[in-house]
Amino acid sequence: MAWDPDAPEIVTNGVGWCDQLADKVELDLNFDAVGPTRTAAVDALGDRLRVLDAPEIGPRNISYRRLGVHSQMHEKRGETGYRASEGVGIRLLDVTELEAVLAVLTEGEPESMMGPRWLLQDPSDAYREAQRLAVRDAQKHAEVYADALGGRLGPLRRLSESEGYGHEMAHALSGSAPVVRALSVQPEPVRITARCTTSWTLIT
């Protein structure tokens, strides 16, 4: 059937998703230390960061380290010393290591820890499945509209998509070291979503 550009059309949106068990996990931490001088603050911070040298962690699992040093000011006394802070990212490609890593990190009592953040190392297969389901969803809606109009659905005219995205659960921790058993250390499903807009010819 030849496409008639003047034929009526039906435009629908479709959404599809695919849930896949996470095979990567990330954590974000922050360590602080204070001292009377910049050097003293950095040295004290270095002592606290020795927890990262534990065999359960090591350089292979550190994705970033960001150091900051600034003076501490008091409203009346002025400068009272220095605070050194370091943000640290942990990335594990073997999710079975998470419980041991959390046990070590929480013993080091970071000022804050965000995670675990569950991810996929390669979401491409899940995204392709989500795309297929999104197109089916859009077509199903279009078929319903065509039937309601007393016609049937013709060929696809146009298709456009928006980017898919992953959804992961995160646990926020702060203050004193939490009990590791209370955390979610089992991999969770990651949802990859695809959205599309389709245009179909309406045959009357």
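Residues numbered from 1 in each chain as written. Predicted model: local features only at pLDDT ≥ 70, side-chain atom pairs only at ≥ 80, totals over all residues. Heavy atoms only, no water.

Caption draft 1: Broad picture of the pairing of strand β2 (residues 24-35). In terms of burial, β2 is a largely internal element, ten of the twelve residues being buried. Here β2 pairs with strand β5 (residues 112-119) via six bridges, running antiparallel. Among the inter-strand pairings, D28 is bridged to a residue of β5, identified as M114. (Buried < 20%, exposed > 50% of the residue type's maximum accessible area, 1.4 Å probe, protein only. Helix = DSSP H or I, 4+ residues; strand = E, 2+ residues; numbered from the N terminus. Pairing = 2+ DSSP bridges.)

Caption draft 2: Quick look at helix α3 (residues 124-148). The first and last C-alpha atoms of α3 sit 36 Å apart over 25 residues, in line with the 36 Å expected at 1.5 Å per residue. Looking at α3, one finds that the buried residues are A126, A130, A134, D137, A138, A142 and A146. Phi turns positive one or two residues past the end of α3, at G150, with a value near 75°. (Expected span 1.5 Å × (residues − 1).)

Caption draft 3: Representation of the pattern of salt bridges in the model. According to the stated counting rule, one finds 13 salt bridges in the structure shown. Here D125 and R128 are joined by a salt bridge, their closest N and O atoms 2.2 Å apart. On the criterion of helical spacing, the pair formed by D125 and R128 is a turn pair, its members being three residues apart in helix α3. Residues participating in the shared-partner salt-bridge network are E26, D28, R91 and R117. (Salt bridge = Lys/Arg side-chain N within 4 Å of Asp/Glu carboxyl O.)

Caption draft 4: Main features of the side chain of S199. Residue position: S199 is located in strand β8 (residues 189-203). Within polar-contact distance, the side chain of S199 engages the side chain of E9 at 2.3 Å. In contact with S199, other than residues within four places in its own chain, are E9, I10, V11, P155, L156, R157 and R158. (Polar contact = N/O pair within 3.5 Å; in protein donor to acceptor, adjacent residues only side chain to side chain. Contact = heavy atoms within 4.5 Å.)

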